[in-house]
Amino acid sequence: MDNTHASSARITGIYRYPVKGLTPEPLPHAELKIGETLRSDRRYAIENGPSGFDPSAPKWLPKPHFLMLQRDEWLAPLRAHFDDDSHVLTLRRDGAMVAQGNLETAEGRAAIERYFADRHTGQIKGPPKVLVSPGHSFSDVPRKVVSIINLASLRAIEEMVQAPVHPLRFRANLYVEGWPAWHEASLLDQTIAIGSARARVVKRITRCAAVNVDPDTGARDLSVPNTLMQRFGNNECGIYAEIISDGAAALGDTIAAEGPVAS
């Protein structure tokens, strides 16, 4: 691929996921801090039966310990909103509020837990528990990262599966336009500018069955990882970047490759 004119792209979407597995929140802009996620991204998770997670000594755990779209597609129609100032999570289904609680209090977490225990008792493995630990992120990977999806790559996937592919299936923090399809895979170990911040691309994203789930309806109606594996011999789409210099990014800002990470 000729990457001569592919060094920069434009940010067209910014999203965070305050509660792992629940719906995203669009943002017009985001502060990017060294070694951190977007504010409140994956700050909370809902334990699906005992996981052994200790809030006083938090350690990364793989996502099967929590409610997640890969297995729990019934989460998709549930709409979540988190308020940073009050720490209140509001859950709605079909426009009606079904649960609300301050996730920084035991009472508030219990209110959310009761909803899942009562409404989805047959769909969970054990008692649901809202987990939080200051400074911890329930990311799919152990390090704190920002995930990036190239929209041209999603259009290439649409051609492969012969169906529309909603970008939010990929649950990324940043969506970008302007790179050729799959250009992002070539950025591993490169430094990139994201608005006024700088980041290091640390990993290509291996896709799981969560991307097969329609984010609006919860229908498991595609087979994206298998399609990628058949076509390319891997099921990668998107990149993880670790912030290495503070800054901010907004819709319309440039995201640009700057070269290999200095050794």
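Note that this is a predicted model, so its numbers are computed, not measured. (Residues numbered from 1 in each chain as written. Predicted model: local features only at pLDDT ≥ 70, side-chain atom pairs only at ≥ 80, totals over all residues. Heavy atoms only, no water.)

Now for the UniProt feature "domain: MOSC" (unreviewed entry) in the protein. UniProt records the feature "domain: MOSC" (unreviewed entry) at residues 104-258, using the numbering of this structure. Annotated as residues 104-258, this span is 22% helix and 30% strand, and its ends, taken at the C-alpha atoms, are 40 Å apart. (UniProt positions renumbered as here; feature names shortened; annotations may be inferred. Helix = DSSP H or I, 4+ residues; strand = E, 2+ residues; numbered from the N terminus.)

The subject of this paragraph is the packing of aromatic side chains. Pairs of aromatic rings are described using the distance from one ring centre to the other and the angle between the two planes. Evaluation of the coordinates by the stated rule reveals seven aromatic pairs. Each ring, one from F53 and one from F138, has its centre 5.1 Å from the other, and the planes form 50 degrees; the classification is tilted. Of this pair, F53 sits in the loop between β4 (45-48) and β5 (79-82) while F138 sits in the loop between β8 (128-131) and β9 (146-150), placing them 85 residues apart in sequence. Take F53 and F138: they sit in the same class, and that class is buried. Taken together through their ring pairs, the aromatic side chains of F53, F66 and F138 make up a single cluster. (Phe/Tyr/Trp six-rings, centres within 6.5 Å; stacked < 30°, edge-to-face > 60°. Buried < 20%, exposed > 50% of the residue type's maximum accessible area, 1.4 Å probe, protein only.)

Here N212 is to be found in the loop between β12 (197-206) and α3 (224-232). Aside from chain neighbours lying at most four places away, what touches N212 is R169, A219, R220, D221, L222, S223, V224 and P225. (Contact = heavy atoms within 4.5 Å.)

We now examine the environment of E177. The topology assignment puts E177 in strand β10 (residues 174-177). Overall, E177 belongs to the partly exposed group, its relative accessible area being 25%. Sequence-wise, E177 and I194 are 17 residues apart; in three dimensions their C-alpha atoms are separated by 13 Å. Look past the residues within four positions of E177 in its chain and what remains in contact with it is A9, R10, T12, L151, A152 and R155.

Right, let's talk about the state of the cysteines for a bit. Summed over the entire model, instances satisfying the criterion amount to zero disulfides. Of the cysteine sulfurs around C208, a residue in no disulfide, the closest is that of C237, at 12 Å. (Disulfide = S-S within 2.5 Å.)

With that settled, consider the environment of G259. If you trace the backbone, G259 turns up in strand β15 (residues 254-260). Sequence separation of G259 and Y175 is 84 residues, and the distance between their C-alpha atoms is 21 Å. Discounting residues that sit within four places of it in the chain, G259 has contacts with Q190 and T191.

Looking now at unusual backbone geometry. Of note in the backbone geometry, S40 takes a positive phi value of approximately 65 degrees without being a glycine. In this structure, S40 sits in the loop between β3 (29-32) and β4. Note on S40: relative accessible area 10%, which makes it buried. Phi at H87 is positive, roughly 65 degrees, even though this residue is not glycine. As for its position among the elements, H87 is in the loop between β5 and β6 (88-93). With relative accessibility at 22%, the residue H87 sits in the partly exposed group.

Our next topic: the sheet that holds β6. Strand order in the open sheet made by the three strands is β5-β6-β7, with antiparallel pairing throughout. For this open sheet the edge positions go to β5 and β7 (96-102), each flanked by a neighbour on one side alone. When the angles between neighbouring strand axes are averaged without regard to direction, this sheet yields 15 degrees. Taken together, the four bridges between β5 and β6 define a ladder with antiparallel strand orientation. Opposite F82, over in β6, you have L89 as the bridge partner. Running at roughly 140 degrees to β7, helix α1 (residues 106-119) makes contact with β6 and β7 of the sheet. (Pairing = 2+ DSSP bridges. Axes fitted to C-alpha atoms, helices over the stretch in contact; angles between N-to-C directions.)

The next thing to look at is the pattern of salt bridges. All chains considered together, the criterion is met by 17 salt bridges. The partner of R220 in a salt bridge is E73, with the nearest N and O atoms 2.6 Å apart. Of this pair, R220 sits in the loop between β12 and α3 while E73 sits in the loop between β4 and β5, placing them 147 residues apart in sequence. With relative accessibility at 26%, the residue E73 sits in the partly exposed group. (Salt bridge = Lys/Arg side-chain N within 4 Å of Asp/Glu carboxyl O.)

Right, let's get into the layout of surface pockets. The volume enclosed by the largest pocket comes to roughly 510 Å³. Lining the largest pocket are 27 residues, with R42, K63, D140, R207 and Y240 sitting closest to its centre. Sorting elements by how many residues they give to the lining of the largest pocket places β12 first, with three residues. Looking at the lining of the largest pocket residue by residue, the class counts come to eleven nonpolar, seven polar and nine charged. (1 Å grid on protein atoms, 1.4 Å probe; cavity = no way out; pocket = protein on both sides within 12 Å on 5 of 7 lines; lining within 4 Å. Points joined across faces, edges and corners; volume = space filled by probe spheres on them. Nonpolar A, V, L, I, M, F, W, Y, C, P; charged D, E, K, R; others polar.)

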